[in-house]
Amino acid sequence: MLPPSYLDRMPDAFVQLWQQVEEQILQDVARRIGKMDKVTATANWQLWRYQQTEALRNDVVKLLAKYTGKSETAIRKLLLQAATEAMEREDAIYYHYDMEPTPFEESAALNNLLDAGARQTCGTWQNLTATTANTVTGAFERTLDAAWLKVSTGAFDYKTAVKQAVDSLADEMPMVTYPSGHTDSIEVAARRAILTGVNQTAGKLQVARMDEMGCEFVETTAHGGARPSHAEWQGRRFHRGGAVDYKGRHYPDFEAATGYDTGAGLCGWNCRHNFYPFYPGISVRNYTDERLAELDARNIPYGGGLYTKYEITQMQRALERKVRKYKRRYLAETAAGVYAGQSAAKLKAARQQLSAFL
C-alpha cells in the first residue's frame, strides 16, 4: 500500500530532472529568436528560419538522447523504491495476522511484475519524449512567424517583438504531444507518467500478493480534494471477484465499483489512491466516516480564513508555479538578450511570497 502523501511527492526527483531539460530547450529557443534582428531581406528570412528550425531540432534530439539513459535509471530506481515501500506496508498487515508472505526480494513472480512495470513506464516516457523535437520546433516556427510579422508590419520593434515571443513560450511552450493530439509541458507530462506508472505497478504487486495470501477484501486509501468520481469510493471496503454480503455487511465488487485497472479508475491516470488487505471482523476500518469527513474539513487558519488541507496544498502549488513561471521568463529573456529586470524582480518577489507562505 502506498499512501496518498507518498504518491504525491514521489515523482518530484524525476520531474526536477526533466525541468532541467525543459529549461535548456527554452533557452536554446530563446537564443535563436533573439538573433532575428540580424535578418533583413525576405529571402534571407526564409532561409534563416529553415536553418534555425533544423538546428533546433538537432539540438533537441541530442539533448533528449543525453537524458534517455538518466531517465530510465531514475524510473527504475523510483519503481524499486515504491515497490519496496508498498510491499513492506502490505506485508506488515499479513505479519500482524501471523501469516508468512514470501519476502519480496525472493519472489520471482513479484519481481517479474516490477520489471514489466518498469519497462512499460520507460516505454511510455520514451514515446512521449519522442514527440518533443517536432512539438518544440512547431511552436518555435509559429512563434517566430508571429514575431516576424509584428516587426515586418512595423507594429513593434525587434526588441519588443522578441520579448513578447520568448515570454509567450516561457509561459506555455508545449514539449510533448499525446496520441490524442493534446500537448503539455515536460513537467506536467513527467509527473503524470511517473505517478501513473508507479501506482499501476504497485497495484499489480499488491493484487498478486493478495492472491498469494488468499485475501479477498480490500480497503481503499483516501485524500482531500479527490476528483468526484473517486470520492465516491475512497476510504471504502470492497470484495475482490464480485459483490458479496458477509457477516451482515454488503461489500461491492472491487473492480466494478472503483474502476481498478482502467485509466479513469483506481491506480489509473494521475491517481493517488491505493488499497490494502482488509479482513472483515478482524481488521479495524482505517477510514471511518468521521475521518473521511475530516479530509475536507475547513480547519486550517490562514490569512483570516479557514481552509482544507487540500486547498492549502493547492495554494502552495500555485505559488510554486508562479516561481517557475518567472524563472522561465528570466532564463528566456536573458538567453534572448532582451531586458530581464522586470522578470528578475517578479521572480524574487514570488520566491519571497512562497517562503512567507511556507
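Residues numbered from 1 in each chain as written. Predicted model: local features only at pLDDT ≥ 70, side-chain atom pairs only at ≥ 80, totals over all residues. Heavy atoms only, no water.

Caption draft 1: Geometry of the overall build of the protein chain. Across its full length, the protein chain carries 12 helices and 9 strands. A principal-axis box enclosing the C-alpha atoms of the protein chain has dimensions of 85 × 50 × 30 Å. Taking the contacts inside the protein chain whose residues are at least 6 apart along the sequence as the reference set, 73% of them involve residues at least 24 apart. Surface exposure of the protein chain reaches about 17500 Å², of which carbon and sulfur atoms provide 52%. Here the protein chain carries 44 positive and 42 negative side-chain charges, and the mean point of each set is 9 Å from the other. (Helix = DSSP H or I, 4+ residues; strand = E, 2+ residues; numbered from the N terminus. Contact = heavy atoms within 4.5 Å. Areas by Shrake-Rupley, 256 points an atom, 1.4 Å probe, with all protein chains shown as cover. Lys, Arg positive; Asp, Glu negative; His and termini not counted. Charge placed at Lys NZ, Arg CZ, Asp CG, Glu CD.)

Caption draft 2: Expanded view of the packing of helix α5 (residues 132-152) against helix α6 (residues 158-172). It is at 9 Å that the axes of α5 and α6 come closest, and there the two elements cross at 155°. By the angle between their axes, α5 is roughly antiparallel relative to α6. In this structure, α5 crosses over α6, and the sense of that crossing is right-handed. The residues of α6 that touch α5, namely those facing A139, T143, A147, W148, K150 and V151, are Y158, A161, Q164, A165 and L169. (Axes fitted to C-alpha atoms, helices over the stretch in contact; angles between N-to-C directions. Parallel < 35°, antiparallel > 145°, perpendicular 65-115°, else oblique. Left-handed = near helix turned anticlockwise from the far one by under 90°.)

Caption draft 3: Up close: the packing of aromatic side chains. Applying the stated criterion across every chain, the model contains 14 aromatic pairs. When the ring of F14 is compared with that of W125, the centres are 5.5 Å apart and the planes differ by 75°; the resulting orientation is edge-to-face. With a gap of 111 residues between them, F14 in helix α2 (residues 12-34) and W125 in helix α4 (residues 108-129) connect regions that are remote in the sequence. The buried category is assigned to F14, whose relative accessible area is 1%. Each ring, one from Y302 and one from F357, has its centre 5.0 Å from the other, and the planes form 75°; the classification is edge-to-face. Separated by 55 residues along the polypeptide, Y302 in strand β8 (residues 300-302) and F357 in helix α12 (residues 341-357) bring together distant segments of the chain. (Phe/Tyr/Trp six-rings, centres within 6.5 Å; stacked < 30°, edge-to-face > 60°. Buried < 20%, exposed > 50% of the residue type's maximum accessible area, 1.4 Å probe, protein only.)

Caption draft 4: Focus on the sheet that holds strand β7 (residues 275-277). The strand order across the open sheet formed by 3 strands is β4-β3-β7, and the pairing between neighbours is antiparallel. With partners counted over all chains shown, the strands left at the sheet margins are β4 (237-239) and β7, one partner each. Shown here is a sheet whose adjacent strand axes are inclined to one another by a mean of 35°, direction ignored. With 3 bridges connecting them, strand β3 (residues 217-220) and β7 associate as antiparallel partners. (Pairing = 2+ DSSP bridges.)

Caption draft 5: Structural view of the pairing of β3. Here β3 shows a buried face lined by F217 and E219 and a second buried face lined by V218 and T220. In this sheet, β4 lies alongside β3 in antiparallel orientation, the contact comprising 3 bridges. Bridge pairing in β4 places V218 opposite F238.

Caption draft 6: Structural context of the nonpolar core. Formed by 67 residues in total, the largest nonpolar core has its most connected members in W18, I25, V29, I33, M36 and W125. Elements with a minimum of two residues in this core: α1 (4-9), α2, α3 (42-96), α4, α5, α6, α7 (186-213) and α11 (309-336). With 14 residues, α3 is the largest single contributor of residues to this core. When near neighbours in sequence (up to four residues on either side) are disregarded, I33 contacts F140, T143, L144, V162, A165, V166 and L169. Residues M213, C215, W233 and F238 belong to the second largest nonpolar core, which totals 14 residues. (Core = buried A, V, L, I, M, F, W, Y, C linked by side-chain atoms within 4.5 Å.)

Caption draft 7: A look at the environment of W18. With respect to the element layout, W18 can be found in helix α2. Accessibility expressed as a relative area gives 1% for W18, which makes it buried. Sequence separation between W18 and A189 is 171 residues; the distance between their C-alpha atoms is 9.8 Å. Among all residues touching W18, those that are not within four sequence positions of it are L64, Y67, S71, W125, T129 and I186.

Caption draft 8: Focus on the side chain of E219. For E219, the location among the structural elements is in strand β3. Here E219 is buried and forms no salt bridge, its nearest opposite-charge partner R285 lying at an N-O distance of 4.4 Å. Looking at E219, its side chain comes within polar contact range of the main-chain nitrogen of N286, at 3.2 Å. Residues in contact with E219, not counting those within four places in the same chain, are G235, R236, R237, N274, F275, Y276, F278, V284, R285, N286 and Y287. (Salt bridge = Lys/Arg side-chain N within 4 Å of Asp/Glu carboxyl O. Polar contact = N/O pair within 3.5 Å; in protein donor to acceptor, adjacent residues only side chain to side chain.)

Caption draft 9: Up close: the confidence of the model for the protein chain. The share of residues in the protein chain with pLDDT of 70 or more is 99%, and the mean pLDDT across the chain is 92. No element of the protein chain has a lower mean pLDDT than helix α10 (residues 289-295), which averages 89, and none a higher one than β4, which averages 97. (pLDDT = per-residue confidence, 0-100.)

Caption draft 10: Quick look at the state of the cysteines. This model, assessed by the stated rule, comprises 0 disulfides. Summary of cysteine pairing: C215 is not part of a disulfide, and the nearest cysteine sulfur, belonging to C267, is at 15 Å. Take C215: its relative accessible area is 1%, and that puts it in the buried class. Note on C267: no disulfide assigned, nearest cysteine sulfur contributed by C271 at a separation of 5.9 Å. (Disulfide = S-S within 2.5 Å.)

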